Amino acid sequence: MKPQFTTPDAQFAIACLSQELSPGKDEIIVPQDLDWDRFLAFLKKNRLAPHFAILAGKQKMLFPEEFRDRLKQERYPILLYGDQCQLQVREVLSAFRNAEIQVIVLKGWALIQWLYGGDFGQRFCEDIDILVPLDAVKKAESVLDSLGFEGLREIDPGFSSRLSNARAYQKRDQSGMIYRPFTIGFHWGLTHFPYYDKDRVNTAELFERSIPLTVAGVDVAELSHEDQVVYTCAHLALHHRIQENLLNYFEIAALIKRAGAVFNWKKAIERAQHWNYFVQLHQVLEEVDSIFSGVIPSAALSEMRQIQVPWREKWIDRMVAGSKGNQFRSALVELIALPGLGNKLRQTWLNLFPPREYMQQRYNTDETNLAKLYWRRVWFALLGFLRSNRRQ
C-alpha cells in the first residue's frame with residue numbers, strides 16, 4: 001500500500017468506503033486522535049470531499065455536525081459547476097444521437113450515473129470522454145463544429161488524427177463557467193498516447209460488447225465490465241500516476257464489485273496483454289487489493305503475478321511514468337516511440353520551434369514576439385523538469 005494511504009486519516013476514509021462497497025462488512029471506528037481539519041484536507045486532496053458530504057449525511061453518528069456542514073460547502077460549488085457542464089453534455093450527446101452516431105461514454109460521466117446515482121455534485125468532472133466508431137469520426141467532428149466546439153490547437157496540425165486516439169474540444173465561448181472551461185475528450189481509440197498503437201484496440205468490438213447507459217437523459221453506452229476495468233487502470237497509470245488519489249482506487253474497486261461473479265478475469269487479462277496495458281492493469285489492481293482487500297479474487301492476482309511482460313512494454317511504462325510534468329523526457333519518449341523517421345524529425349523540430357499560435361493558446365497569452373514566447377516555453381519546461389525530479 002502506498003504510504004499516503006497508511007495514515008489514520010486515510011485508514012478512516014478507507015474504512016468508510018469499504019463499508020460502502022460491502023455494506024455491513026466491518027464496524028467503522030473513528031480514530032480517537034482524528035484531526036478533523038487534517039481529515040478534510042485529506043478528502044479534498046483525494047477528491048473525495050463532495051462524495052463524503054453525502055456519505056456523512058447517511059452516517060451522522062460518525063461525523064460531527066460542524067464537519068458535515070463543511071463537507072456540504074465543498075460539495076455545493078461542484079454541484080453548480082456540474083449543472084453548467086451537464087448542459088454541454090446533454091447538448092453534445094443529443095446532437096450525436098440525432099445524427100445517428102453511436103457513443104460510448106468513458107470514465108467520469110459514466111461512473112456518475114451508476115456509482116453516484118446520477119449526482120454530479122459528488123464527483124468533480126471538468127470533461128466528458130466519449131468514444132465514437134472509427135467510421136463516424138469525420139461526421140462527429142462536423143457535429144461538434146456545428147455546436148460551436150473547436151479542437152484545441154495542436155503543435156502539429158493533424159497529429160491527433162494521424163498518430164493518436166483522441167483530441168480535446170472546447171466551446172468557443174465558455175464565459176461564466178464557475179471553474180475552468182469544460183472539455184469534450186473526443187476519442188476514436190482509448191488512451192491518446194501515440195506510442196500505444198492506435199489500431200491495436202478494435203473499437204468495433206468495444207461497441208459490440210458495450211452496456212446501455214443513460215447520461216443527461218440521453219441513451220448512450222458504456223464499456224463492458226472487463227473493458228472498463230482494463231481501460232480505467234491504464235488511464236490511471238498512464239495519465240495520472242503522479243496524481244494518484246484514493247478516489248481512483250475506490251472507483252475501480254466499485255467497478256469490480258458491480259460486475260460481481262459475471263466479471264471474466266481471463267478475458268480482462270487477455271485484452272490487457274493484447275492492448276499492451278497489462279503492466280498498468282497489474283500495477284493498479286495490486287494497489288486496489290492492498291487498499292480494499294478481498295475485492296479482487298486471489299486466483300486472478302496469482303495469475304497476473306506469473307505473467308512475463310515484454311521488456312519494451314515495461315520500458316515504455318517507466319518512461320511514461322517519469323515523463324509526467326517533465327517536458328524534456330516526454331518529448332524523448334515520444335521521439336523514440338513515434339513510427340517512421342519522418343515523424344521523428346518533424347516532431348523534434350516542432351518541439352524545439354512550435355508555431356506562434358500554438359504557444360499563444362498553450363500559455364494563454366496574446367504575446368506575438370516569438371523570442372519571448374520561446375523563452376516562456378523554455379522557462380515552463382525547466383520548471384516542469386525540476387518539479388518532476390523533485391517528486392521522484
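Calculation criteria
- Residues numbered from 1 in each chain as written.
- Predicted model: local features only at pLDDT ≥ 70, side-chain atom pairs only at ≥ 80, totals over all residues.
- Heavy atoms only, no water.
- Salt bridge = Lys/Arg side-chain N within 4 Å of Asp/Glu carboxyl O.
- Helix = DSSP H or I, 4+ residues; strand = E, 2+ residues; numbered from the N terminus.
- Buried < 20%, exposed > 50% of the residue type's maximum accessible area, 1.4 Å probe, protein only.
- Pairing = 2+ DSSP bridges.
- Polar contact = N/O pair within 3.5 Å; in protein donor to acceptor, adjacent residues only side chain to side chain.
- Contact = heavy atoms within 4.5 Å.
- Phe/Tyr/Trp six-rings, centres within 6.5 Å; stacked < 30°, edge-to-face > 60°.
- Lys NZ or Arg CZ within 6 Å of the ring centre and 35° of its normal.

Engineer: Break down the pattern of salt bridges for me, with residues and values.
Structural biologist: Scanning the entire structure with this criterion turns up 18 salt bridges. The residue Asp119 makes a salt bridge to Arg75 at a minimum N-O spacing of 2.9 Å. With Asp119 in the loop between α5 (108-114) and β2 (127-131) and Arg75 in helix α4 (residues 65-98), this pair connects stretches of sequence that are 44 residues apart. This pair shows no difference in class: Asp119 is buried, exactly as Arg75 is. Measuring nitrogen to oxygen at the nearest pair gives 2.8 Å for the salt bridge that ties Asp145 to Arg172.

Engineer: Pulling in residues and values, what's your account of the pairing of β2?
Structural biologist: Of all five residues in β2, four are buried; the element is thus mostly enclosed. Two strands pair when backbone bridges link them, and β2 and strand β5 (residues 183-187) are joined in this way by five bridges, in the parallel orientation. Residue Asp129 lies in a different strand from β5, and its bridge partner there is Gly185.

Engineer: Break down the side chain of Gln113 for me, with residues and values.
Structural biologist: Counting through the fold element by element, Gln113 comes out in helix α5. Polar side-chain contacts of Gln113 include one of 2.7 Å to the backbone oxygen of Trp109. The residues touching Gln113, leaving out its near neighbours within four places in the chain, are Gly118, Leu213, Thr214, Val215 and Ala216.

Engineer: Before we move on, could you go through the side chain of His282 and cite the residues and values that matter?
Structural biologist: Along the chain, the position of His282 falls in helix α12 (residues 278-291). Classification of His282 as buried rests on a relative accessible area of 18%. Sequence-distant contacts of His282, that is, excluding residues within four places in its chain, are made with Met304 and Arg305.

Engineer: An account of the packing of aromatic side chains is needed here, citing residue identities and associated values.
Structural biologist: Evaluated as defined, the whole model comprises 21 aromatic pairs. Ring centres of Phe124 and Tyr179 lie 5.6 Å apart, and the angle between their planes is 90°; this geometry places the pair in the edge-to-face category. A residue pair is termed long-range when its members are at least 10 positions apart, and Phe124 in the loop between α5 and β2 and Tyr179 in the loop between β4 (166-171) and β5 qualify at 55 residues. Classification of Phe124 as partly exposed rests on a relative accessible area of 21%. Ring centres 6.3 Å apart and planes at 75° place the aromatic pair Trp275 and Tyr277 in the edge-to-face group. Each member of the pair Trp275 and Tyr277 is classed as buried. Taken together, the ring pairs in this structure connect Phe12, Trp36, Phe39, Phe52, Phe63 and Phe67 into an aromatic cluster. Taking NZ or CZ as reference, Arg167 lies 5.8 Å from the ring centre of Tyr169, over its face. Here the guanidinium or amino end of Arg258 rests over the ring plane of Trp114, the centre of that ring lying 4.3 Å away.

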